[in-house]
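Per-entry structural report
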Amino acid sequence: MSKESSFDIVSKVDLAEVTNAIHTALKEIETRFDFKGSKSSISLEKEEIVLISDDEFKLGQVKDILIGKLVKRNVPVKNLEYGKMEPAAGGTVRQRVKLVQGIDKDNAKKIASIIKETGVKVKSQIQDDQVRVVGKSKDELQLVIAAIRKADLPIEVQFINYR
(Lines give C-alpha, C1' and ligand atoms only; values in the text may rest on other atoms or scores of the structure.)
Protein backbone atom coordinates (compact mmCIF):
# COMPACT_ATOMS: atom_id res chain seq x y z
CA MET A 1 0.00 0.00 0.00
CA SER A 2 1.49 3.35 -0.98
CA LYS A 3 1.25 6.19 1.48
CA GLU A 4 -0.09 9.55 0.41
CA SER A 5 2.14 12.45 -0.58
CA SER A 6 1.32 16.09 0.09
CA PHE A 7 2.51 19.69 -0.13
CA ASP A 8 1.30 23.10 1.03
CA ILE A 9 0.69 26.14 -1.17
CA VAL A 10 1.55 29.37 0.67
CA SER A 11 2.15 33.01 -0.14
CA LYS A 12 4.84 34.54 2.04
CA VAL A 13 7.14 37.55 1.85
CA ASP A 14 10.53 37.27 3.58
CA LEU A 15 10.70 40.43 5.73
CA ALA A 16 14.49 40.11 6.18
CA GLU A 17 14.94 40.30 2.40
CA VAL A 18 12.53 43.26 2.24
CA THR A 19 14.62 45.06 4.89
CA ASN A 20 17.83 44.33 2.94
CA ALA A 21 16.24 45.60 -0.29
CA ILE A 22 15.12 48.80 1.47
CA HIS A 23 18.65 49.42 2.80
CA THR A 24 20.25 48.97 -0.64
CA ALA A 25 17.57 51.16 -2.24
CA LEU A 26 18.23 53.91 0.34
CA LYS A 27 21.98 53.73 -0.39
CA GLU A 28 21.28 54.17 -4.10
CA ILE A 29 18.96 57.13 -3.42
CA GLU A 30 21.65 58.80 -1.27
CA THR A 31 24.27 58.50 -4.02
CA ARG A 32 22.14 59.44 -7.03
CA PHE A 33 22.63 62.96 -8.36
CA ASP A 34 18.94 63.52 -9.17
CA PHE A 35 18.06 62.93 -5.50
CA LYS A 36 20.53 65.49 -4.07
CA GLY A 37 18.69 67.65 -1.53
CA SER A 38 15.58 65.49 -1.85
CA LYS A 39 13.45 64.40 1.10
CA SER A 40 13.04 60.87 -0.26
CA SER A 41 12.88 57.94 2.16
CA ILE A 42 11.72 54.34 2.44
CA SER A 43 10.82 52.71 5.74
CA LEU A 44 9.30 49.45 6.92
CA GLU A 45 6.55 49.68 9.54
CA LYS A 46 5.36 46.21 10.62
CA GLU A 47 4.16 44.73 7.32
CA GLU A 48 3.92 47.98 5.39
CA ILE A 49 6.50 49.88 3.36
CA VAL A 50 6.19 53.67 3.55
CA LEU A 51 7.56 55.66 0.58
CA ILE A 52 8.06 59.43 0.96
CA SER A 53 9.40 61.88 -1.63
CA ASP A 54 9.19 65.50 -2.81
CA ASP A 55 6.59 64.99 -5.56
CA GLU A 56 4.75 62.29 -7.52
CA PHE A 57 7.49 61.98 -10.15
CA LYS A 58 10.25 61.42 -7.59
CA LEU A 59 7.99 59.04 -5.65
CA GLY A 60 7.63 57.01 -8.85
CA GLN A 61 11.42 56.89 -9.18
CA VAL A 62 11.78 55.77 -5.54
CA LYS A 63 9.19 53.05 -6.21
CA ASP A 64 11.11 51.89 -9.32
CA ILE A 65 14.40 51.71 -7.38
CA LEU A 66 12.73 49.72 -4.58
CA ILE A 67 11.05 47.29 -7.00
CA GLY A 68 14.40 46.67 -8.71
CA LYS A 69 16.04 45.86 -5.38
CA LEU A 70 13.13 43.61 -4.32
CA VAL A 71 13.30 41.66 -7.59
CA LYS A 72 17.08 41.14 -7.17
CA ARG A 73 16.38 39.66 -3.71
CA ASN A 74 13.62 37.34 -5.03
CA VAL A 75 10.85 39.11 -3.10
CA PRO A 76 7.54 38.59 -4.96
CA VAL A 77 6.41 42.02 -6.21
CA LYS A 78 2.93 40.59 -6.94
CA ASN A 79 2.44 40.59 -3.16
CA LEU A 80 2.73 44.40 -2.94
CA GLU A 81 -0.56 46.27 -2.57
CA TYR A 82 -0.15 49.99 -3.30
CA GLY A 83 -2.21 52.51 -1.38
CA LYS A 84 -3.08 55.92 -2.80
CA MET A 85 -0.65 58.84 -2.76
CA GLU A 86 -1.34 61.31 0.00
CA PRO A 87 0.19 64.65 0.99
CA ALA A 88 2.66 64.44 3.90
CA ALA A 89 4.44 66.96 6.13
CA GLY A 90 6.84 69.49 4.63
CA GLY A 91 5.30 69.55 1.14
CA THR A 92 6.11 65.89 0.44
CA VAL A 93 3.96 63.00 -0.76
CA ARG A 94 3.59 59.60 0.90
CA GLN A 95 2.47 56.21 -0.34
CA ARG A 96 1.94 53.10 1.76
CA VAL A 97 2.66 49.68 0.27
CA LYS A 98 1.10 46.71 2.07
CA LEU A 99 2.95 43.39 2.03
CA VAL A 100 0.39 40.65 1.40
CA GLN A 101 1.11 37.59 3.56
CA GLY A 102 -0.91 34.39 3.18
CA ILE A 103 -3.60 33.34 0.75
CA ASP A 104 -7.00 34.99 1.23
CA LYS A 105 -10.26 33.01 0.84
CA ASP A 106 -10.95 34.17 -2.74
CA ASN A 107 -7.50 33.18 -4.01
CA ALA A 108 -7.65 29.90 -2.06
CA LYS A 109 -10.95 29.06 -3.80
CA LYS A 110 -9.40 30.02 -7.16
CA ILE A 111 -6.44 27.68 -6.48
CA ALA A 112 -8.82 24.87 -5.45
CA SER A 113 -10.79 25.28 -8.69
CA ILE A 114 -7.55 25.23 -10.75
CA ILE A 115 -6.63 21.96 -9.02
CA LYS A 116 -10.10 20.52 -9.83
CA GLU A 117 -9.81 21.57 -13.48
CA THR A 118 -6.59 19.57 -13.90
CA GLY A 119 -8.59 16.35 -13.54
CA VAL A 120 -5.83 14.84 -11.40
CA LYS A 121 -7.11 12.72 -8.51
CA VAL A 122 -5.87 14.79 -5.56
CA LYS A 123 -7.60 16.39 -2.60
CA SER A 124 -7.18 20.07 -1.81
CA GLN A 125 -7.99 21.53 1.57
CA ILE A 126 -8.04 25.23 2.50
CA GLN A 127 -6.34 25.76 5.88
CA ASP A 128 -6.39 29.37 7.16
CA ASP A 129 -3.94 31.18 4.84
CA GLN A 130 -2.62 28.15 2.93
CA VAL A 131 -3.86 25.28 0.77
CA ARG A 132 -2.83 21.66 1.38
CA VAL A 133 -2.83 19.24 -1.55
CA VAL A 134 -2.81 15.47 -0.92
CA GLY A 135 -2.44 12.79 -3.58
CA LYS A 136 -1.46 9.15 -4.02
CA SER A 137 1.66 9.75 -6.15
CA LYS A 138 4.26 12.48 -6.38
CA ASP A 139 3.73 12.59 -10.16
CA GLU A 140 0.15 13.75 -9.63
CA LEU A 141 1.37 16.46 -7.26
CA GLN A 142 3.94 17.58 -9.86
CA LEU A 143 1.10 18.01 -12.39
CA VAL A 144 -0.84 20.14 -9.89
CA ILE A 145 2.23 22.31 -9.20
CA ALA A 146 2.76 22.80 -12.95
CA ALA A 147 -0.90 23.81 -13.43
CA ILE A 148 -0.76 26.35 -10.57
CA ARG A 149 2.50 27.83 -11.87
CA LYS A 150 0.88 28.32 -15.31
CA ALA A 151 -2.21 29.99 -13.82
CA ASP A 152 -2.24 33.78 -13.65
CA LEU A 153 -2.81 34.37 -9.93
CA PRO A 154 -2.86 37.90 -8.42
CA ILE A 155 -0.40 36.74 -5.72
CA GLU A 156 2.90 34.86 -5.84
CA VAL A 157 2.71 31.35 -4.36
CA GLN A 158 5.37 29.02 -3.01
CA PHE A 159 5.22 25.25 -2.53
CA ILE A 160 6.48 23.95 0.81
CA ASN A 161 6.43 20.76 2.93
CA TYR A 162 6.63 18.54 -0.15
CA ARG A 163 6.58 14.94 1.13
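Residues numbered from 1 in each chain as written. Predicted model: local features only at pLDDT ≥ 70, side-chain atom pairs only at ≥ 80, totals over all residues. Heavy atoms only, no water.

Next up on the list: helix H4 (residues 138-150). Here H4 is 13 residues long and its end C-alpha atoms lie 18 Å apart, about the 18 Å a rise of 1.5 Å per residue gives. Among all positions of H4, only Leu141, Val144, Ile145, Ala147 and Ile148 are buried. Angular distribution of buried residues about the axis of H4 spans 160 degrees; they occupy a single face of the element. Within H4, the exposed residues directed more than 90 degrees away from the buried face are Asp139, Leu143, Arg149 and Lys150. On its buried face, H4 is in contact with strand E1 (5-10), helix H3 (105-118), strand E7 (122-127), strand E8 (130-135) and strand E9 (158-160). (Helix = DSSP H or I, 4+ residues; strand = E, 2+ residues; numbered from the N terminus. Expected span 1.5 Å × (residues − 1). Buried < 20%, exposed > 50% of the residue type's maximum accessible area, 1.4 Å probe, protein only. Arc of directions from axis to C-beta. Contact = heavy atoms within 4.5 Å.)

Turning next to the pattern of salt bridges. For the structure on display, the rule yields 12 salt bridges. Between Asp8 and Arg132 there is a salt bridge, and its shortest N-O distance comes to 2.7 Å. Of this pair, Asp8 sits in strand E1 while Arg132 sits in strand E8, placing them 124 residues apart in sequence. The class of Asp8 is buried, set by a relative accessible area of 1%. Note on Arg132: relative accessible area 25%, which makes it partly exposed. (Salt bridge = Lys/Arg side-chain N within 4 Å of Asp/Glu carboxyl O.)

For the pair H3 and H4, the least separation of the axes is 10 Å and the interaxial angle reads 125 degrees. By the angle between their axes, H3 is oblique relative to H4. Helix-helix and strand crossings are classified by hand; for H3 and H4 the assignment is right-handed. Touching Ile111, Ile114, Ile115 and Thr118 of H3 are Val144, Ala147 and Ile148, all from H4. (Axes fitted to C-alpha atoms, helices over the stretch in contact; angles between N-to-C directions. Parallel < 35°, antiparallel > 145°, perpendicular 65-115°, else oblique. Left-handed = near helix turned anticlockwise from the far one by under 90°.)

Below, the discussion takes up the domain arrangement of the chain. By domain assignment, the chain separates into domain 1 (5-12 + 102-160) and domain 2 (15-99). On a C-alpha basis, the centroid separation for the pair domain 1 and domain 2 is 32 Å. (Domains from an automatic or database assignment.)

This next bit is on the sheet that holds E8. Pairing is antiparallel in the open sheet, where 4 strands are placed in the order E7-E8-E1-E9. Of all strands in the sheet, those with a lone pairing partner are E7 and E9, marking the two edges. Neighbour-to-neighbour, the strand axes of the sheet open up by a mean angle of 25 degrees, direction not taken into account. Alignment of E1 against E9, held across 3 bridges, turns out to be antiparallel. The residue bridging Asp8 from the neighbouring strand is Ile160, located in E9. In the packing of H3 onto the sheet, contacts are made with E1, E7 and E8, and the angle to E7 comes to roughly 180 degrees. Taken strand by strand, H4 contacts E1, E7, E8 and E9, and its axis lies near 20 degrees from that of E1. (Pairing = 2+ DSSP bridges.)

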